[in-house]
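Report on the structure
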Amino acid sequence: MKRKLLAAVLAIPVIYLGWLGFESFGSRPYVNATPPAPAQNALEVEGVYHIHTKFSDGHASVDELTAQASRERLDFLILTDHGNPNFESLRSQGRKDGVLVLAGSELSVNRGHLVALGFRTPDRNFSQKAEDAVPEIQALGGFAVIAHPYSKVKWSWGDVSVYSGFEIINADTMFKNNVGRVLPYLPLLLFRSRLPLIRMLEHPKVNLAKWDQHNTTAVVYGYFSADAHLYYRAIFSLLRLHVLLDEPLADGFDAAAAQVYAALRKGRFFNAIEAAAGARGFRFKALAAGGATFRMGDTIPAGEADAAGPIRFEAWAPFSFATEIHLVRGGRTIASARNGVLTAEAQGPGVYRVEVFLKERSPLSTDIPWIISNPIFLRKD
Ligand SMILES: [Zn+2]
Ligand SMILES: [Zn+2]
């Protein structure tokens with residue numbers, strides 16, 4: 001009897017380790033076997049947005065971060081240390097270890113937390129009232145993104161048309177909500193595994209619904225936000241922005257920073273849960289019958305749609321693993337494709353965006369969007 005009990009007790013860790021091994025090896029991230037052509041590849045840069053360093057409540061210095069970002073082959077990092085603004089963090093900008101270090105600041109304002117980006121260093125603090133801070137940021141060439149609207153520090157709404165962006169996923173909020181889910185994977189954290197982080201992500205339904213609602217009257221771009229404070233290397237591989245440029249990234253810091261900010265300001269980027277699969281090469285466009293092409297972030301003038309025929313949307317997911325592309329209008333899927341290319345005609349005015357799902361055995365749940373594009377807006381007169 002005792003022996004049987006002992007055998008049963010010993011079997012538990014063996015079964016557990018077997019399961020853990022199966023989970024971690026069975027859900028390795030997909031690597032694309034058909035990477036984009038070099039010319040197209042040079043116009044796509046990848047980076048991580050919303051990072052805290054030792055200049056506020058993060059646990060690493062900028063030098064430690066760039067060393068890790070360089071190993072993860074990131075093109076840029078966007079630091080967002082707390083402060084109205086955080087002057088030390090602003091002074092740390094530059095190119096280090098081949099990584100472009102851009103610094104904004106996460107402002108504490110009356111409505112919640114607001115991320116200011118792309119501004120020239122002010123000579124005094126920004127206002128703590130959101131409605132006053134935004135024009136101050138804009139006067140210095142910058143723009144503002146609403147941070148973690150549904151975390152403990154909630155955003156109180158008001159007029160959203162003055163903001164350039166909105167965090168549609170905030171990893172820190174999701175980790176705090178779902179920390180229990182990491183328990184079965186605790187040993188993997190020692191190996192900086194991405195799997196426990198992916199398991200803590202959930203479908204950002206509430207954020208997406210609010211974002212779509214705002215975009216019926218405003219133009220607000222969606223950001224995947226790391227909100228990283230520690231465990232940086234794994235988080236750098238988790239959520240990324242893919243920014244699409246007109247020219248390859250410049251060598252000089254000022255010129256390169258201007259290129260990335262110009263693309264963010266126009267919504268020329270898409271978001272991916274990169275730890276599940278490399279998302280390089282995804283594209284979304286609209287074509288007017290008259291020949292004009294519109295990119296992510298663009299607004300198609302009403303006249304364009306009526307001129308010579310309907311607007312056609314095209315989305316490409318040129319990957320060597322199974323995906324499902326959804327064309328979403330006003331929050332609802334209106335067309336989908338499983339062969340890597342989606343084409344669909346516009347169904348009248350609306351806000352059109354794309355979600356891509358992984359459809360093979362994936363470390364990411366097949367119900368959570370792996371890629372979320374920025375919208376193309378088709379407006380009424
Ligand atoms: Zn915050
Ligand atoms: Zn933050």
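Quick caveat, the model's predicted, so the values are computed rather than measured. (Residues numbered from 1 in each chain as written. Chains lettered and ligands numbered in written order. Predicted model: local features only at pLDDT ≥ 70, side-chain atom pairs only at ≥ 80, totals over all residues. Heavy atoms only, no water.)

1. Some points on the domain arrangement of the protein
When its domains are assigned, the protein resolves into domain 1 (38-275) and domain 2 (282-381). The distance between the C-alpha centroids of domain 1 and domain 2 comes to 24 Å. Domain 1 puts 32 residues into the contact, and the matching count from domain 2 is 24 residues. Taken as a group, Arg268, Phe270 and Ile273 account for 23% of the area that domain 1 buries against domain 2, more than any other trio of residues on that side. Between domain 1 and domain 2 we count four salt bridges in total. Residues Arg283 and Glu44 are paired through a salt bridge, measuring 2.8 Å at the closest nitrogen-oxygen approach. The interface formed by domain 1 and domain 2 includes 13 residue pairs in polar contact (both at pLDDT 80 or more). (Domains from an automatic or database assignment. Contact = heavy atoms within 4.5 Å. Buried area = accessible area lost by both parts, 1.4 Å probe. Salt bridge = Lys/Arg side-chain N within 4 Å of Asp/Glu carboxyl O. Polar contact = N/O pair within 3.5 Å; in protein donor to acceptor, adjacent residues only side chain to side chain.)

2. Examining the coordination of the zinc ion (ligand 1)
Bound to the zinc ion (ligand 1) on the protein side are Glu106 (OE), His113 (ND1) and His148 (NE2), at distances that span 1.9 to 2.2 Å. Sequence spacing among the residues donating to the zinc ion (ligand 1) works out to E-x6-H-x34-H. Separating the zinc ion (ligand 1) from the zinc ion (ligand 2) is a gap of 3.6 Å, bridged by Glu106, which donates to each. Take Glu106: its relative accessible area is 1%, and that puts it in the buried class. Of the residues examined, His113 reaches a relative accessible area of 14% and is grouped as buried. (Donors = N, O, S within 2.8 Å, 3.2 Å for Na, K, Ca; no water. Buried < 20%, exposed > 50% of the residue type's maximum accessible area, 1.4 Å probe, protein only.)

3. Quick look at the nonpolar core
Phe284 and Trp370 are the most contacted members of the largest nonpolar core, which has 93 residues in total. The biggest single contributor to this core is strand E4 (residues 99-109), with five residues. Formed jointly, this core draws a minimum of three residues from each of two domains, domain 1 (38-275) and domain 2 (282-381). (Core = buried A, V, L, I, M, F, W, Y, C linked by side-chain atoms within 4.5 Å. Helix = DSSP H or I, 4+ residues; strand = E, 2+ residues; numbered from the N terminus.)

4. Comments concerning the sheet that holds strand E12 (residues 293-295)
On the basis of which strands lie adjacent, the open sheet formed by four strands has the order E12-E11-E14-E17 and antiparallel pairing. Looking along the sheet, the strands with just one partner apiece sit at the ends: E12 and strand E17 (341-345). Each adjacent strand pair in this sheet contributes to an overall mean axis angle of 20 degrees, direction not counted. (Pairing = 2+ DSSP bridges. Axes fitted to C-alpha atoms, helices over the stretch in contact; angles between N-to-C directions.)

5. As for the environment of Leu102
Summarising the element assignment, Leu102 is placed in strand E4. Taking the relative accessible area as the measure of exposure, Leu102 reaches 0% and is therefore buried. Here the alpha-carbon distance between Leu102 and Asp254, two residues 152 residues apart in the chain, equals 10.0 Å. Excluding residues that lie within four positions of it along the chain, Leu102 makes contacts with Leu77, Ile78, Leu79, Gln93, Phe253, Ala257, Val260 and Tyr261.

6. Regarding the side chain of Asn178
Along the chain, Asn178 turns up in the loop between helix H6 (171-177) and helix H7 (186-189). With residues near it in sequence (within four places) discarded, Asn178 still touches Met200 and Glu202.

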